[in-house]
Protein chains: 2
Amino acid sequence: MERHDLALIGFGGVNRALAELISDRGSALTDQLGFELRVVAITDLRLGSLMQADGIDLAQVLALGPGASFASLPGGHPEPRNEVVIRNTTADTVVEATFTNPVDGEPAVSHVRWAIESGRNVTTTNKGPVALAGTELRALAEAHGVRFEHEGAVMSGTPVLRFAERMFAGLRVEGVQGILNGTSNYVLGRMEDGLALADAVAEAQQLGYAEADPTADLEGSDVQLKVVILANEVLGGSITTADVTRRGLSTVSAGDIVDAAAQGRRWKLIGSARRDADGSITASVEPVALPLEHPLAGISGPTNAVAFDTDLLGTVTVSGPGAGRIETAYALLSDLIAIDAGRRATVGEAAHA
Amino acid sequence: MERHDLALIGFGGVNRALAELISDRGSALTDQLGFELRVVAITDLRLGSLMQADGIDLAQVLALGPGASFASLPGGHPEPRNEVVIRNTTADTVVEATFTNPVDGEPAVSHVRWAIESGRNVTTTNKGPVALAGTELRALAEAHGVRFEHEGAVMSGTPVLRFAERMFAGLRVEGVQGILNGTSNYVLGRMEDGLALADAVAEAQQLGYAEADPTADLEGSDVQLKVVILANEVLGGSITTADVTRRGLSTVSAGDIVDAAAQGRRWKLIGSARRDADGSITASVEPVALPLEHPLAGISGPTNAVAFDTDLLGTVTVSGPGAGRIETAYALLSDLIAIDAGRRATVGEAAHA
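Residues numbered from 1 in each chain as written. Chains lettered and ligands numbered in written order. Predicted model: local features only at pLDDT ≥ 70, side-chain atom pairs only at ≥ 80, totals over all residues. Heavy atoms only, no water.

1. Comments concerning the relation of the copies chain B and chain A
Turning chain B through 180 degrees and shifting it by 0.0 Å along the axis lays it on chain A, with an RMSD of 0.0 Å. Here the transformation between the copies is reduced to the relation of a two-fold axis. Looking at chain B, 100% of its interface residues are interface residues in chain A too, so the copies touch through the same face. (Least-squares fit on C-alpha atoms with pLDDT ≥ 70 in both. Contact = heavy atoms within 4.5 Å.)

2. Some points on the UniProt feature "domain: Homoserine dehydrogenase catalytic" (unreviewed entry) in chain A
As recorded in UniProt, the feature "domain: Homoserine dehydrogenase catalytic" (unreviewed entry) lies at residues 159–337 of chain A. Helix makes up 37% of residues 159–337 of chain A and strand 27%, with an end-to-end C-alpha separation of 13 Å. (UniProt positions renumbered as here; feature names shortened; annotations may be inferred. Helix = DSSP H or I, 4+ residues; strand = E, 2+ residues; numbered from the N terminus.)

3. Considerations on the packing of aromatic side chains
Throughout the structure, instances matching the rule amount to 9 aromatic pairs over all chains. Here the aromatic rings of Phe163(A) and Phe163(B) are separated by 5.4 Å at their centres, their planes lie at 70 degrees, and the arrangement is edge-to-face. Linking Phe163(A) in helix 7 (residues 161–167) with Phe163(B) in helix 7 (residues 161–167), this pair reaches from one chain into another. For Phe163(A), a relative accessible area of 0% gives the class buried. With a centroid separation of 4.9 Å and an interplanar angle of 65 degrees, the aromatic rings of Tyr186(B) and Tyr209(B) are classed as edge-to-face. In this pair, Tyr186(B) sits in helix 8 (residues 182–192) while Tyr209(B) sits in the loop between helix 9 (197–206) and helix 10 (215–218), placing the two residues 23 residues apart along the sequence. Cluster of aromatic residues (ring-pair linked, three or more members): Phe163(A), Phe168(A), Phe308(A), Phe163(B), Phe168(B) and Phe308(B). (Phe/Tyr/Trp six-rings, centres within 6.5 Å; stacked < 30°, edge-to-face > 60°. Buried < 20%, exposed > 50% of the residue type's maximum accessible area, 1.4 Å probe, protein only.)

4. Examining the pattern of salt bridges
Residues and elements named next belong to chain A. Counting across every chain of the model gives 40 salt bridges over all chains. Among the ionic pairs, Lys127 bridges to Asp222, the shortest N-O distance being 3.1 Å. With Lys127 in helix 5 (residues 127–144) and Asp222 in helix 11 (residues 221–233), this residue pair connects regions lying 95 residues apart in the sequence. Asp222 gets classed as buried once you look at its relative accessible area, which sits at 10%. (Salt bridge = Lys/Arg side-chain N within 4 Å of Asp/Glu carboxyl O.)

5. Brief notes about the interface of chain B and chain A
Listed by partner, the interface residues are 39 residues for chain B and 39 residues for chain A. Carbon and sulfur atoms make up 63% of the area that chain B and chain A hide from each other, which totals about 3100 Å². For chain B, the biggest contributors to the area lost against chain A are Met167(B), Leu312(B) and Tyr330(B); these three give 22% of the whole. Here chain B is connected to chain A by 2 salt bridges. Between Asp311(A) and Arg25(B) there is a salt bridge; the shortest N-O distance is 3.0 Å. The tally of links from chain B across to chain A stands at 10 residue pairs in polar contact (both at pLDDT 80 or more). Breaking the side of chain B that touches chain A down by element, the ones donating at least two residues are helix 1 (13–33), helix 7, strand 13 (314–321) and helix 13 (325–352) of chain B. For the side of chain B that touches chain A, the element with the highest residue contribution is helix 13 of chain B, accounting for 9 residues. (Buried area = accessible area lost by both parts, 1.4 Å probe. Polar contact = N/O pair within 3.5 Å; in protein donor to acceptor, adjacent residues only side chain to side chain.)

Encoded structure:
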């Protein structure tokens, strides 16, 4: 049985959910996947770092109480020391789930770069490395013969990048349109019901759908990063956030939203990218009053969706969760499955050569 | 460059669209796929049959006028002689697109069986062989070491079976719910607008969405076959149409539909299958008044969709065309791509052994 040894960088909700999956499902998961997952390193801002080449006891680590430190365990250290761990771990694959600075993608970009440079596969759920440094990191991964997987960067565990890569062979995707932010979608839905923007936001915050500062969600900069990823990975573009025009919810009035609903239209914050006849990409984030028959008009609440416009099939749409700790941990698991499949294909090719 | 030689059984809209794709896109398609497609046999109820081992000139065949016969061409015969052609063609793959008798799946079932027995891969767009004889034909294909592909049997070219097979590794699909018939979905939408059933059906017939006898569409027997396929292939069941309870549109009144719309619900003809705690499958086709936030409530007009209920991701939905000659021809192309990928994997394994 093949095994992948993992280094978990960041031990917040998502990597913790992945550790729970591995720990709870154990041999059933191994049987299902055809390979074993073992965690040999963990770093965390609060807990510090832990390196155990024979495999970390996940149940023990998951049971650590508040104020605990990895320093008390063999191979533990009070500081996260991300670079040291990433460069020196015995893991073949680094699972990056820290956070993204939306301007330069740090520290996630450095985590990914260190992992690739030291010959390790990477999976990340962070938009930053993909949207802001994707071209560099993809090239670096190719040069080092490792995989850089990031399904979770667009719609959490709902397969979007891999869907486009694997389900559309033989046809051409001409454009993508998406509802890529659950907070703004929830807020728009409540404004249709007659709530003012501020009240809808307060409600979303109470329900845990919106952060204390919801600006990035409501004004489209979160979606902007996802549009860059879709444009570059699905349409083969090479755009940056500066190429994505952006207008947020503040450009629509509560009256506009109620009026549209009465006329059989629904406002949605739409991220879109389209390949023009000359091969260039036009991309935007903006509120759009969609007719009800549009495939994205019925996407409600925190659900996300991407509609792919294709030459032979017309529009094909995938919808599902766009957030959530278990859902995002599944994105990591799906990346690990892709990494393993890539390894097998390489072994097969080498044997065939 | 690898090549697949094809025998097209049935030369109506769908196989004709596939021939147009191969003929029109030629080397661009070959470059994109990494393998060549060549048609070496065609059979048709009206045109007869044509076998040319060096490859048929598709442009010539597509240009044949009404009343033409393959008998006038080298390797041609005035009768389709499906069994003779399928058993004796030089093709490695049979592309079956004739028609399905909804009771026993003939003649498509025999076409598929003959192809597999004579060691050929099969792709079909017919529900019949898959829903009514799927277990037998899958076993037969395995015994003969060939592929039996049928993505188009559920939602035309919109990937559903392959989506479930390839995008959900590591999680468990607990149930599926689908809008699997565009005619009934269109009719329900028009009834929401206030039309009587008969008027909505007449309009659908005028637009080409409904057949002269729309009973199978409106009363759910078309969906019933698709539910069998989803239950058996996605949920690992072994059910037959008799296990799928069925109620059609005639069990809902126009008043019910208008009332539901006023209360924020939408009636949809839902095909569903669910794996129960004891491993058995519960399956049905029936009109359901969905709340607007249900992922299938917004699926309008002739669009089809399947919502997969999963353990880790909750509900993930794919929507897209459920019919159309080019869309269904794309289903065949996606099957041919899967057949080629299977061949490569087998070659890789053999080299590795």
